[in-house]
Amino acid sequence: MQDHLLSKDEREAALLAAEATNEEDPTPTTTEPARAPDMAFLAERLVGLREVPGAGDDPLVVAMHKYGARSPWFKHDSVPWCSSAMCAIARLADRINPASAAARSWLAVGVPITVNAWLESVQEVRYNTVAVIRQSMSDPGPEVLQYRGHVFLMTDVQIKQDATFLVGLGGNQSNAFNLRQFDAQRLLGLRYLPRILP
């Protein structure tokens with residue numbers, strides 16, 4: 001297992017390196033402290049993380065429960081971890097988050113945004129927005145927060161024939177952190193997560 005959770009110094013170094021590769025002149029022109037990376041930057045680095053089959057547990061998934069969702073009583077990677085993963089990513093990116101293992105808790109934080117507004121938004125919004133969906137179409141709507149659900153980082157919207165799909169990076173998607181698509185009819189809400197001010 002690789003160490004995917006970076007320290008604050010490592011995050012700042014990674015951000016500075018990323019900015020330097022995107023500039024013609026990598027010489028720093030400001031004395032402002034480096035900002036935490038976007039959630040998308042961090043989420044991409046978790047692709048491939050998987051639950052350990054059988055009695056074992058992936059220590060990073062267990063750490064996400066403790067660090068992200070603030071739920072240290074979850075000791076196994078078999079406990080649903082989609083929200084814990086998003087909370088850990090949001091904390092590392094200095095973003096508002098519910099600090100909860102419940103997927104629908106994300107409906108109570110951030111800035112509500114429509115799919116069309118997300119599609120037309122700037123990079124800041126597109127790289128830091130989560131989608132909350134129903135597990136099945138028979139589940140209650142967004143007004144019921146204490147019910148099962150799934151949360152992931154939005155990355156794309158795809159239209160195939162007569163159906164629209166939300167595409168996103170997330171944890172606990174077939175027991176792994178990966179890119180998946182979901183029927184847009186299952187959407188409960190999108191939330192843009194602003195940066196936490198110092």
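Residues numbered from 1 in each chain as written. Predicted model: local features only at pLDDT ≥ 70, side-chain atom pairs only at ≥ 80, totals over all residues. Heavy atoms only, no water.

1. What to know about the sheet that holds strand β2 (residues 129-133)
With antiparallel pairing, the six strands of this open sheet are ordered in space as β1-β6-β2-β3-β4-β5. Sheet topology places β1 (111-113) and β5 (178-183) at the edges, where each strand pairs with a single neighbour. Taking each pair of neighbouring strands and ignoring which way they run, the sheet shows an average axis angle of 45°. Taken together, the five bridges between β2 and strand β6 (residues 187-192) define a ladder with antiparallel strand orientation. (Pairing = 2+ DSSP bridges. Helix = DSSP H or I, 4+ residues; strand = E, 2+ residues; numbered from the N terminus. Axes fitted to C-alpha atoms, helices over the stretch in contact; angles between N-to-C directions.)

2. Digging into the side chain of Glu51
Tracing the chain through its elements places Glu51 in the loop between α2 (39-44) and α3 (59-67). Lacking a salt bridge, the buried Glu51 has Arg50 as its closest oppositely charged neighbour, with an N-O distance of 8.1 Å. Of note is the side chain of Glu51, whose polar atom sits 2.8 Å from the side chain of Trp81. Excluding residues within four positions of it along the chain, Glu51 makes contact with Asp77, Ser78, Trp81, Asn172 and Asn175. (Buried < 20%, exposed > 50% of the residue type's maximum accessible area, 1.4 Å probe, protein only. Lys, Arg positive; Asp, Glu negative; His and termini not counted. Salt bridge = Lys/Arg side-chain N within 4 Å of Asp/Glu carboxyl O. Polar contact = N/O pair within 3.5 Å; in protein donor to acceptor, adjacent residues only side chain to side chain. Contact = heavy atoms within 4.5 Å.)

3. Points about the pairing of strand β3 (residues 150-160)
Pairing between β2 and β3: four bridges, direction antiparallel. When the sheet's bridge partners are listed, Val132 is paired in β3 with Val151. When β3 meets strand β4 (residues 163-170), the two strands line up antiparallel, connected through seven bridges. Along β4, the bridge assignment pairs Val157 with Leu166. Between β3 and β4, which pair antiparallel in sequence order, lie two residues; one of them, Gln161, sits at a positive phi of approximately 55°.

4. Details of the environment of Tyr192
Structurally, the position occupied by Tyr192 is in strand β6. Judged by its relative accessible area of 15%, Tyr192 falls in the buried class. It is 6.6 Å that separates the C-alpha atoms of Tyr192 and Val130, two residues lying 62 residues apart in sequence. In contact with Tyr192, other than residues within four places in its own chain, are Arg95, Gly110, Val111, Ile113, Glu124, Val125, Asn128 and Thr129. Within the structure, Tyr192 has its side chain in polar contact with the side chain of Glu124 (distance 2.6 Å).

5. Focus on helix α4 (residues 82-92)
For α4, a buried count of 10 out of 11 residues is recorded, marking the element as mostly surrounded by other parts of the structure. Of all the positions in α4, only Cys82, Ser83, Ser84, Ala85, Met86, Cys87, Ala88, Ile89, Ala90 and Leu92 are classed as buried. Just beyond α4, the residue with positive phi is Asp94, at close to 55°.

6. Concerning the nonpolar core
Ranked by size, the top nonpolar core spans 31 residues in total, and within it Met39, Met86, Trp106 and Phe177 carry the most contacts. Mapped onto this core, the elements with two or more residues apiece are α2, α3, α4, β2 and β3. Of the residues forming this core, the biggest block, eight residues, is contributed by α4. (Core = buried A, V, L, I, M, F, W, Y, C linked by side-chain atoms within 4.5 Å.)

7. Re the confidence of the model for the protein chain
With 83% of its residues at a pLDDT of 70 or more, the protein chain has an overall mean of 85. Within the model, pLDDT remains below 50 along residues 1-6, and this stretch shows 12 contacts once partners closer than five positions in the same chain are excluded. (pLDDT = per-residue confidence, 0-100.)

8. A word on unusual backbone geometry
The phi angle at Gln161 is positive, at roughly 55°, despite the residue not being glycine. Structurally, Gln161 can be placed in the loop between β3 and β4. Accessibility expressed as a relative area gives 80% for Gln161, which makes it exposed. Not every positive phi belongs to a glycine, and Asn172 is a case in point at roughly 60°.

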